[in-house]
Amino acid sequence: MFFEGRKILFISLTRTGSVEYAAALAEKLGYDNLFVIASEESSSHFKKVDVALRTYTNKATFLLQSLTIKKRLSKIINESIGSSANEWIVLFPVFHPWNNIIANISHEIDVQSACVIHDYEMHIGERNKKVEYLQQNLIQRVGHVIFLTHFERLKAIDKGLDESKTSVWPHPLLPTSKVNTLIHSKRLKILYLGRIKKYKGVELLIEAVSDLDIELLTIAGEGKIDVQEDSGIQLINKRLSNSEIDDLLSNHHVLVLPYIDASQSGILTLGISANIPMIISDLPGLREQIDANAAIWCAPNVI
């Protein structure tokens, strides 16, 4: 095993994106075996952070911090690992532009590295050549690549990635503090939860429920959307706190994942934790995350 017998230098520099996933993975791996380096903004999500790193707040500070980040991180990594390089492995649980710099540092001091790839190819409406280049460069640089589903792993192998340097770690369940016990009603309260992106199919969901006799459709998450709020649609257009997410999952009848494209979903794991009935787009990666009989499945683009 690539990780067997080694301590993990767990480096999660994202400020907001996939922070909940990184924290859940750290919990699953066990903090006793981890040295955690996290951004200052995300450090409160982890039970233990050994180094809270100042990253950036805008493009200007990103450029300024990038000028010194190699020196700063080299010092932190060398101090944390010491002379026992062969006993450690660097793990990147989420994408960050500085991961590539850190991978180069670990290579220079003979420390193995691995990364988690959430999406081997970017989603519809999110294509970014710089991000794609950095991710592919990191994949080639690290010694091991972890995927969240077999479907995504096979996609990468079909594109030429060496099968022997890959494995699958299923998305850990994201925790909730409440369980859905709402009594069924003929007039449902339906919930969409998460970032509002083109590939998430939110517009499709709005269109689909327009002819249904429902009590409420709540769209909760940050992103651009053109929707007219009325008595049947509630828009909560912001990044939600954990307590707000828990409240929404407990006071709606159904959680809908109307995705047009998806490799996996953290929202789906929240639905499992909250025990809320779900309607999910029938996509291979999502099928891997939950028993076929535990949700209602519908073809993408047909909600």
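Residue indices follow the written sequence of each chain, beginning from 1 at its first position. With pLDDT at 70 or above as the cut-off, local features in this predicted model cover only qualifying residues; side-chain atom pairs require 80 or more to be listed or tallied, and sums for whole chains, interfaces and linings still use all residues. Processing note: side-chain calculations cover all non-hydrogen atoms of the structure and skip hydrogens and water entirely.

1. A short note on the packing of helix H3 (residues 99-108) against helix H4 (residues 129-141)
Axis geometry follows a simple rule: fit a line to the C-alpha atoms, using only the stretch in contact for helices, then measure angles between N-to-C directions, giving values from 0 to 180 degrees. Each helix is a run of H or I in the DSSP string that is no shorter than four residues. Each strand is a run of E no shorter than two, and both are numbered from the N terminus. It is the contact of H3 with H4, at a shortest axis distance of 9 Å, that shows an interaxial angle of 20 degrees. One way to sum up the angle between H3 and H4 is to call them roughly parallel. Taken as a pair, H3 and H4 cross one another with a handedness that is left-handed. Facing Asn99, Asn100, Ala103, Asn104 and His107 of H3, the residues of H4 in contact are Leu134, Asn137, Leu138 and Arg141. Should an angle lie under 35 degrees it is considered roughly parallel, over 145 roughly antiparallel, and from 65 to 115 roughly perpendicular; all remaining angles are considered oblique. The hand of a helix crossing depends on one turn: near helix anticlockwise from the far one by less than a right angle means left-handed, and clockwise means right-handed. It only takes one pair of heavy atoms within 4.5 Å for two residues to be counted as in contact.

2. Some words on the pattern of salt bridges
It is possible for side chains of opposite charge to pair when their charged atoms get near one another. Here, a salt bridge means any side-chain nitrogen of Lys or Arg that lies within 4 Å of a carboxyl oxygen of Asp or Glu. Taken as a whole and assessed by the stated rule, the structure comprises 13 salt bridges. A salt bridge links Lys155 to Glu152, with the nearest nitrogen and oxygen atoms 3.3 Å apart. Of the two residues, Lys155 and Glu152 both sit in helix H5 (residues 150-158), 3 residues apart, roughly one turn of that helix. Note on exposure labels: buried denotes an accessible area under 20% of the residue type's maximum, exposed denotes more than 50%, and partly exposed covers the range between, all computed with a 1.4 Å probe on protein chains only. Given the relative accessible area of 22%, Lys155 is considered partly exposed. Classification of Glu152 by relative accessible area gives buried; the value is 1%. For the salt bridge of Lys178 with Asp247, the shortest nitrogen-to-oxygen distance reads 2.3 Å. Here Lys178 is found in the loop between strand S7 (166-168) and strand S8 (189-193), whereas its partner Asp247 is found in helix H7 (residues 242-250), with 69 residues between them in sequence. You can call Lys178 partly exposed: its relative accessible area is 37%. The class for Asp247 is partly exposed, based on a relative accessible area of 32%.

3. Overview of the packing of aromatic side chains
The geometry of two aromatic rings is summed up by the distance between their centres and the angle between their planes. In this scheme Phe, Tyr and Trp rings, the latter by its six-membered ring, pair at centre separations within 6.5 Å, and the angle between planes marks the pair as stacked below 30 degrees, edge-to-face above 60, and tilted otherwise. Inspection of every chain in the model, using the stated rule, returns 6 aromatic pairs. Their ring planes at 50 degrees and their centres at 5.1 Å tell us that Phe3 and Trp169 sit as a pair that is tilted. Here Phe3, found in the segment before strand S1 (7-12), pairs with Trp169, found in the loop between S7 and S8; they are 166 residues apart in sequence, far enough to count as distant. For Phe3, a relative accessible area of 14% gives the class buried.

4. Quick look at H5
Among all positions of H5, only Glu152, Arg153, Ala156 and Ile157 are buried. For H5, the angular spread of buried residues about the axis comes to 140 degrees, placing them on one side. The elements touched by buried residues of H5 are strand S6 (144-147) and S7. Looking one or two residues beyond H5, the residue adopting positive phi is Gly160, at roughly 110 degrees. This arc is built from the directions going out from the helix axis to the C-beta atoms.

5. As for the sheet that holds strand S12 (residues 278-281)
The parallel open sheet is built from 6 strands, whose spatial order is S10-S9-S8-S11-S12-S13. Unpaired on one side and paired on the other, strand S10 (233-236) and strand S13 (296-298) mark the two borders of the sheet. Across the sheet, the mean angle separating the axes of adjacent strands is 20 degrees when strand polarity is ignored. Whether two strands pair comes down to DSSP finding at least two bridges between them. Relative to S13, S12 runs parallel, the two sharing 3 bridges.

6. Observations concerning unusual backbone geometry
With the exception of glycine, the majority of residues adopt a negative phi angle, and the majority of peptide bonds are in the trans configuration. Phi at Asp110 takes a positive value of approximately 60 degrees, unusual for a residue other than glycine. Among the secondary structure elements, Asp110 is positioned in the loop between H3 and strand S5 (112-117). Using a relative accessible area of 64% as the deciding quantity, one classes Asp110 as exposed. For Asn275, which is not glycine, the phi dihedral falls at a positive 60 degrees. Mapped onto the elements of the fold, Asn275 is located in the loop between helix H8 (266-274) and S12.

7. Points about the confidence of the model for the protein
Summary of the metric used: pLDDT quantifies the predictor's per-residue confidence within the range 0 to 100. Scored by pLDDT, the protein has a mean of 92; 99% of the residues are at 70 or more. Taken element by element, the protein is modelled with least confidence in helix H2 (residues 59-81), mean pLDDT 88, and with most confidence in S6, mean pLDDT 98.

8. Focus: the pairing of S5
Most of S5 is tucked away, with 5 of its 6 residues classed as buried. Pairing between S5 and S6: 4 bridges, direction parallel. Of the residues in S6, the one forming a bridge with Cys115 is Val145.

9. Some thoughts on the nonpolar core
Residues Leu193, Ile219, Leu249, Leu255, Met278 and Ile280 are the most contacted members of the largest nonpolar core, which totals 41 residues. Of all elements in the fold, only S8, helix H6 (202-209), strand S9 (216-220), S10, H7, strand S11 (254-257), H8 and S12 reach the threshold of two or more residues within this core. Other than its neighbours up to four places away in sequence, Leu255 contacts Leu191, Leu193, Leu249, Ile267, Gly271, Ile276, Pro277, Met278 and Ile279. Listed in part, the 32 residues of the second largest apolar core include Leu13, Phe35, Ile37 and Phe147. The nonpolar core is taken to be a set of buried Ala, Val, Leu, Ile, Met, Phe, Trp, Tyr and Cys residues, with the residues joined through side-chain atoms within 4.5 Å.

10. Thoughts on the environment of Ile233
Within the fold, Ile233 resides in strand S10. C-alpha separation for the pair Ile233 and Val168, spaced 65 residues apart in sequence, amounts to 39 Å. What Ile233 contacts, discounting residues up to four positions off in sequence, is Ile206, Leu216, Leu217, Ile219, Val227 and Gln228.

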